[in-house]
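# Architecture and fold: a report
Spelled out, the chains give:
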Amino acid sequence: MIPAAFDYEVAESADHAISLLGEHGDDAKLLAGGHSLIPMMRYRLATPSVLVDVGRLDDLRYIRTGNGTVSIGALTRHSELEHSAALAEACPMLASVAALVGDPAVRHRGTLGGTIAHADPASDLPAAVLALGGTIVARGPGGSREIAATDFFTGYFESVLADDEMITEVRVPASSGGWNYQKFNRRAQDWAIVGVAVAGGGAGVSLVNMGSTPIRASGVEAALAGGASAAEAAGVAADGLEPPDDLNADAEYRSHLARVLTERALNAAGVA
Amino acid sequence: MTITEDAPGHVGSRRLRKEDPALLTGEAKFIDDLALPGAIWVGVVRSSEAHANIVGIDGSAALEIDGVNEVLSGEDLAPLWGEGALPCAWPVTPDMKNPAHLPVARGTAKYVGDAVAVVLADSRYAAADGAAAVVVDYEPLPAVVEIEDAVADGAPLVHADLESNECYTWGLWGDNAPAIEAAFAEAAHVVSERYLQQRLIPAPMEPRGCAAVPSPAGGELTLYSATQIPHILKVMTAVVLGIPENKLRVVAPSVGGGFGCKLNVYAEEILCSALAMQRGAPVRWTEGRAEAAVSTIQGRGQVQHIELAADADGKVTAVRVKLLADMGAYLQLVTPGVPLLGGFLYHGCYDIPNYMFECTSVFTNRTPTDAYRGAGRPEATYAVERAMDSLAVSVGVSPEEIRARNFIGADAFPYESAAGLVFDSGDYQTVLDKAVALADIDGRRAEQAQRRASGSSKRIGVGFSSYVEMCGLAPSRVLASLDYGAGGWEAATVRISPTCKVQVVTGSTPHGQGHETCWSMIVADQLGVDPDDVEVLHSDTAVSPTGLDTYGSRSLAVGGTAVYMATEKVIDKARAIAAHQLEASEDDLEFSGGVFRVRGTPEAEVPLAGIAFAAFTAHDLPDGMEPNLEAHVTYDPPNFTFPNGTHIAVVEVDTDTGDVDLIDYVAVDDCGVQINPLVVEGQVHGGILQGAAQALYEDAVYNSDGQLVSANLGDYLVPSAAEAPRFRLDSHATPSPTNPMGVKGVGEAGTIAAAPAVINAVVDALRDLGVTDVDMPASPQTVWRAIADAQGGAS
Ligand SMILES: Cc1cc2nc3c(=O)[nH]c(=O)nc-3n(C[C@H](O)[C@H](O)[C@H](O)COP(=O)(O)OP(=O)(O)OC[C@H]3O[C@@H](n4cnc5c(N)ncnc54)[C@H](O)[C@@H]3O)c2cc1C
């Protein structure tokens, strides 16, 4: 439980962080809230030789609303999402999902940019951003680019983000329509065994921990669009997926949970 | 003198704990807080294989790391202990197999986590880097992982030099076998069940750690360790390493919980001590959390077969139990004795005339097991309480009715059980009645029926667990009859200083329980002083040289009684001085509120403070009396104590997902007289959650290769406050006649009671769906499958 030795640099700005990443190559890792990276380092599953600490970049801690969009700085903590009145107004689902991440200590350290970049299929907020049809703003040496959440996640802990890129902002449309998030876990502090996010009255449905990435449940969305009932649409939630098999759930049980939770989420979101 | 509940004073009050300010402000010092400049840090290289020959150990990469100084194999270390092995103090049968257990393995590694080499370094960080860089070449051998596989034909051998994997078979039935056969032959109802006790990881808040500090000039050694048993550890270290006992001191600093896992003599303690003596420098080791999962003992690990025979009314006439118990790869301090601690209690709180218990213990290629909160008694209670519910179904009566028909009656005490124990006191029916009322059983059952009728997917279940346990370990002669290698007494010294402050020295070693608070309250009431004027010293063999430490809910019933008796002795001496000063007969004196008075002559009085000072100056003491007020008592209890209670769990089970929600929990306990109800409740709350954890969350899962899969706290699910049910507690004290305060013990009660209550509730919720059993832990997936199987295949 003692990490391998590493060097530590404090970034003064996003650009400084990006130049430090360029300088140290793929030996370097950004450190935001540290609540995914540090546990991995303690198990020596990650052994970066340099940490670039972006945790003090307070100019990337904000929640701005307007023009039908919510823009959130990458260093915004989960607890800030949870307690923001502006977010509760403009995108209540995101605030409500943030409140279900880990425990209070985790929510006070963990950041939105960190959880998206970490690309853990079992995490809550990436799936919520996916269901909401969000956009991720990444900055690299050559400037910023916008990546649709649907294009962002590529595999288990993998995304399209380049080694020298940093997420600076996450955008989601101000939500309209019924929404719900179902998180099924055994202890309050745990990741979801399976989770289901429903946004926009069923226009966006995503699944947590049902594959190697957060997954857009396009089969469910299509069934709904084609006039299926909530129960019928939920019935296809696990079709074609290869959910993981672990101590909490094997693939068969996970698929069952995905169907049950999708139906519950659709019902709670008011999808008929 | 008996402390009664209505006596004015501190005993019985919810006094806040003395220990807490230092713990809560971070002032308390734990093992890793010790500053030891120049210490050698040990990093332990642990086997990644469950069973393998160690072909080679390559430390070259480790030695290149800054601060790593040496890499030593089991062979290199052999001169430190020769064939001297880690001790097992409980050879339960004369032919028990006890394979030599070296602190660092030589030749063969026998479980994942077995120490195979050590790294000596300048810092803890370098030690960890060094340990990670040592390359061990293994030649894998077939491993025995599951208990029943260990006794299967052709099973690989954990210890190649033994004929089988059997460690011992121990039985308890005397000449009763024909009567038992007859009882089963004549029974109207027979219940026959098989239950699994999964392995559990104790996971105290503070992992282990130790530091051995030599004084080379005089040849002394001080061993600091996060241990529950400094006194036993001292004797054992002296014996294993041949260090003269007078040169050894063992200190337990603040210890962050143990639950039994620190009731041991571990490889690292012996290793650090031996190296410190050899090197003449402090040697220390701090366990990591992930390391603790495999390097510290685990608990439970049994396959239980229990049979009940009953007449047509459900009155049980015989109980027959066969256990297979998992010792792990080696025997630690009391590993083989754990099943026996439950072996006397498989009849539960019921009057069952015929009793048969047999346990076969086996070696497996897994971390050794040993005592874990309740040690044997949770297992026994689980089996009998689950089986009683099955019997209730068979007879067609409620769980509370089957218990009522079988309870040992309140008028039957002292009650001699068929297993040979004499139960001290109890009123099991009153306890159960209180619990039933508190839990609103009728209301819950109505709700259950209504949900069933409406086809709701949220089922309600109510589960009972009535338990009795044996605490206050233990009469030394009884331990002798069980071949345990030590006594069961406890020591105490009480001194009153010149200014009338009180010093209590206890051999009982707290590691979270609150001894300082409770001992102070007892003594304060006896002497008529303020509890804050009482200091309690413990956990350091230089300060408290005599003791047998803390485990098995023994502290209050044995250690507290010793303190009480030593205080009585001090009062006797003070009375003699008071009589001398007042020129009265001792018989005419009464002592209350810290003042001696001559009966009938209220103005003739002398306060304890005056006597304390007189005893100190010794200017005018009765002829021949020694100066000072001080007394020492070593108390060997005449019997165990028998705490008991009824717990009721109420669960809501989501039949769509298998999720179990513990929505209410009622516990009515009889732990005898309570010194401090706040401390009692703390023990009961933690105990219940730890028992519920076995029922619902915790499982040390090994794969078929013998790898511990649930090795971190993300996968090994220790519940937190968020998972805790609403605890609703009550008590019904029947003071124990065994000791003068009437106390019994409460450290394990909750853990013993909770697991069967919770599982009985889960089964009760699902019985109409055809579910009759659910394995622990009743995870959502396990419950969902149990429902699906009962309904005829997965949905
Ligand atoms: C006990 C515990 C329980 C938890 N429970 C949950 C849970 O229930 N649900 C859940 O979703 N999560 C949970 N988490 C994870 C938590 O939400 C993390 O905080 C989050 O996943 C990562 O955010 P972070 O800011 O801590 O990232 P860090 O750990 O600092 O970094 C994670 C990764 O992202 C990279 N990174 C960080 N910021 C950026 C950026 N701006 N641009 C590019 N790369 C970046 C880092 O280099 C690193 O590779 C839990 C964590 C713990 C310790």
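Here is what the cut-offs are and how they apply
Residues numbered from 1 in each chain as written. Chains lettered and ligands numbered in written order. Predicted model: local features only at pLDDT ≥ 70, side-chain atom pairs only at ≥ 80, totals over all residues. Helix = DSSP H or I, 4+ residues; strand = E, 2+ residues; numbered from the N terminus. Rg over C-alpha atoms; globule rule 2.2 N^0.38 Å. Buried ≥ 20, exposed ≤ 12 C-beta atoms within 10 Å, placed from the backbone. Contact = placed C-beta atoms within 7 Å. Near = placed C-beta within 6 Å. Nonpolar A, V, L, I, M, F, W, Y, C, P; charged D, E, K, R; others polar. pLDDT = per-residue confidence, 0-100. Domains from an automatic or database assignment. Core = buried A, V, L, I, M, F, W, Y, C linked by C-beta atoms within 7 Å. Pairing = 2+ DSSP bridges. Axes fitted to C-alpha atoms, helices over the stretch in contact; angles between N-to-C directions. Expected span 1.5 Å × (residues − 1). Parallel < 35°, antiparallel > 145°, perpendicular 65-115°, else oblique. Left-handed = near helix turned anticlockwise from the far one by under 90°.

Assigned secondary structure in chain A consists of 12 helices and 14 strands. For 272 residues, the compact-globule formula gives about 19 Å, and the C-alpha radius of gyration of chain A, at 18 Å, lands near that figure. Dimensions along the principal axes, computed over C-alpha positions, put chain A at roughly 55 × 45 × 30 Å. Relative to its full complement of 272 residues, chain A shows a buried share of 51%.

This next bit is on the overall build of chain B. Within chain B one finds 21 helices and 28 strands. Against the compact-globule benchmark of 28 Å for 795 residues, chain B has a radius of gyration of 28 Å, which places it among compact chains. Dimensions of chain B along its principal axes, counting C-alpha atoms only, are 90 × 70 × 50 Å. By the burial criterion, 57% of the 795 residues in chain B qualify as buried. By sequence separation, contacts in chain B at least 24 residues apart represent 79% of the contacts at least 6 residues apart.

What follows deals with the site of the ligand. Residue and element names in this part refer to chain A. Near the ligand you find 30 residues, and of these Gly-33, Gly-102, Gly-110, Gly-113 and Gly-114 are the closest. For the shell around the ligand, the secondary structure elements donating two or more residues are β2 (28-31), α2 (37-42), α6 (104-109), α7 (112-118), α8 (124-131) and β10 (166-173). Ranked by residues supplied to the shell around the ligand, first place goes to α7 with 5 residues. The class makeup of the residues in the shell around the ligand is 13 nonpolar, 13 polar and 4 charged.

Residues and elements named next belong to chain B. In this model, chain B carries a mean pLDDT of 96, and residues with pLDDT of at least 70 account for 99%. Across residues 1-6, where pLDDT falls below 50, the model places 9 contacts with residues more than four positions away in sequence or in other chains. The complex prediction reports pTM at 0.97, with the ipTM value standing at 0.97.

For the rest of this paragraph, the subject is unusual backbone geometry. Backbone geometry follows two general trends: most residues other than glycine have a negative phi, and most peptide bonds adopt the trans configuration. Cis rather than trans, the peptide bond between Phe-413 of chain B and Pro-414 of chain B has omega equal to -10°. Considering the arrangement of structural elements, one finds Pro-414 of chain B in the loop between α12 (399-406) and β16 (415-416). Geometrically, the link from Leu-473 of chain B to Ala-474 of chain B is a cis peptide bond, its omega value of -10° lying close to zero. Within the element layout of this structure, Ala-474 of chain B appears in the loop between β18 (458-468) and α15 (476-481). A positive phi angle is found at Phe-157 of chain A, which is not glycine, with a value near 60°. Residue position: Phe-157 of chain A is located in the loop between β8 (153-155) and β9 (158-159). With 16 C-beta atoms packed within 10 Å, Phe-157 of chain A lands in the partly exposed category. A positive phi angle, close to 35°, is found at Ala-375 of chain B, a residue other than glycine. The residue Ala-375 of chain B is located in the loop between β15 (354-363) and α11 (377-395) in this model. Look at Ala-375 of chain B and you get buried, because 29 C-beta atoms sit within 10 Å.

Let us now look at the environment of Lys-183 of chain A. All names here are of chain A. Among the secondary structure elements, Lys-183 is positioned in strand β11 (residues 180-184). By C-beta crowding, Lys-183 is classed as buried, having 20 other C-beta atoms within 10 Å. Lys-183 sits 11 residues away from Val-194 along the chain, and the two C-alpha atoms are 6.5 Å apart. Other than its neighbours up to four places away in sequence, Lys-183 contacts Leu-100, Asp-124, Ala-192 and Gly-195.

Time to look at the domain arrangement of chain A. Taken domain by domain, chain A comprises domain 1 (7-53), domain 2 (58-173) and domain 3 (180-268). Between the C-alpha centres of domain 1 of chain A and domain 3 of chain A the distance comes to 33 Å.

Bringing the interface of chain B and chain A into the picture now. Taken together, the contact between chain B and chain A spans 26 residues of the former and 19 residues of the latter. For the side of chain B that touches chain A, the secondary structure elements donating two or more residues are α4 (124-133), α9 (289-295) and α21 (780-790) of chain B. Examining the composition of the side of chain B that touches chain A, we find that 5 residues originate from one element, α4 of chain B, more than from any other. Of the residues in the side of chain B that touches chain A, the class split is 13 nonpolar, 7 polar and 6 charged.

Attention shifts here to the nonpolar core. Counting residues in hydrophobic clusters, the biggest one holds 340 residues, and the most contacted among them are Ala-128 and Val-198 of chain A together with Val-758 and Val-762 of chain B. Other than its neighbours up to four places away in sequence, Val-198 of chain A contacts Ala-131, Trp-179, Asn-180, Val-205, Ala-265, Leu-266, Ala-269 and Val-271 of chain A.

All names here are of chain B. Read across the sheet, 7 strands follow the order β3-β5-β1-β12-β9-β10-β11 without closing on themselves; strand pairing throughout is mixed. Of all the strands in the sheet, just β3 (68-73) and β11 (248-251) have a single pairing partner and so form its edges. Each strand of the sheet is rotated relative to its neighbour by a mean of 20°, with strand direction disregarded. Relative to strand β12 (residues 283-286), strand β9 (residues 209-215) runs antiparallel, the two being bridged by 4 bridges.

What follows covers the domain arrangement of chain B. Residue and element names in this part refer to chain B. Here chain B is partitioned into domain 1 (20-27 + 489-635), domain 2 (34-141 + 205-257 + 262-295) and domain 3 (299-473 + 639-790). Taking only C-alpha atoms into account, the centre of domain 1 sits 40 Å from that of domain 2. Taken together, the 13 residues of domain 1 in the interface contact 15 residues of domain 2.

So, about helix α14 (residues 441-454) of chain B. All names here are of chain B. Helix length check: α14, at 14 residues, gives a terminal C-alpha distance of 20 Å against a target of 20 Å (1.5 Å per residue), a fit within 8%. The buried fraction of α14 is low, at 0 of 14 residues. Note on α14: the residue one or two positions beyond its end, Gly-455, has a positive phi of about 75°.

Before going further, it helps to spend a moment on the sheet that holds strand β6 (residues 135-140) of chain B. All names here are of chain B. Pairing in this open sheet of 3 strands is antiparallel, and the strands run β4-β2-β6 from one edge to the other. Looking at strand neighbours, the two that pair on one side only are β4 (108-109) and β6, the edges of this open sheet. Direction of pairing for strand β2 (residues 52-58) relative to β6: antiparallel, over a ladder of 6 bridges. Within β6, the residue paired with Asp-58 across the bridge is Val-135.

Secondary-structure assignment places Trp-784 of chain B in helix α21. Counting along the chain gives 127 residues from Trp-784 of chain B to Thr-657 of chain B, while the straight-line C-alpha distance between them is 6.1 Å. With near-sequence residues (within four places) excluded, Trp-784 of chain B lies in contact with Tyr-253 of chain A together with Thr-657 and Gly-658 of chain B.

In this section: the packing of helix α7 (residues 230-241) of chain B against helix α8 (residues 267-279) of chain B. Residues and elements named next belong to chain B. The N-to-C vectors of α7 and α8 enclose an angle of 60°; their axes lie 11 Å apart at closest approach. As far as their axial angle goes, α8 and α7 are oblique. Crossing angle aside, the handedness with which α7 passes α8 is right-handed. Contacts between α7 and α8 pair Leu-233, Thr-237, Val-240 and Leu-241 from the former with Glu-269, Ile-270, Ser-273 and Ala-274 from the latter.

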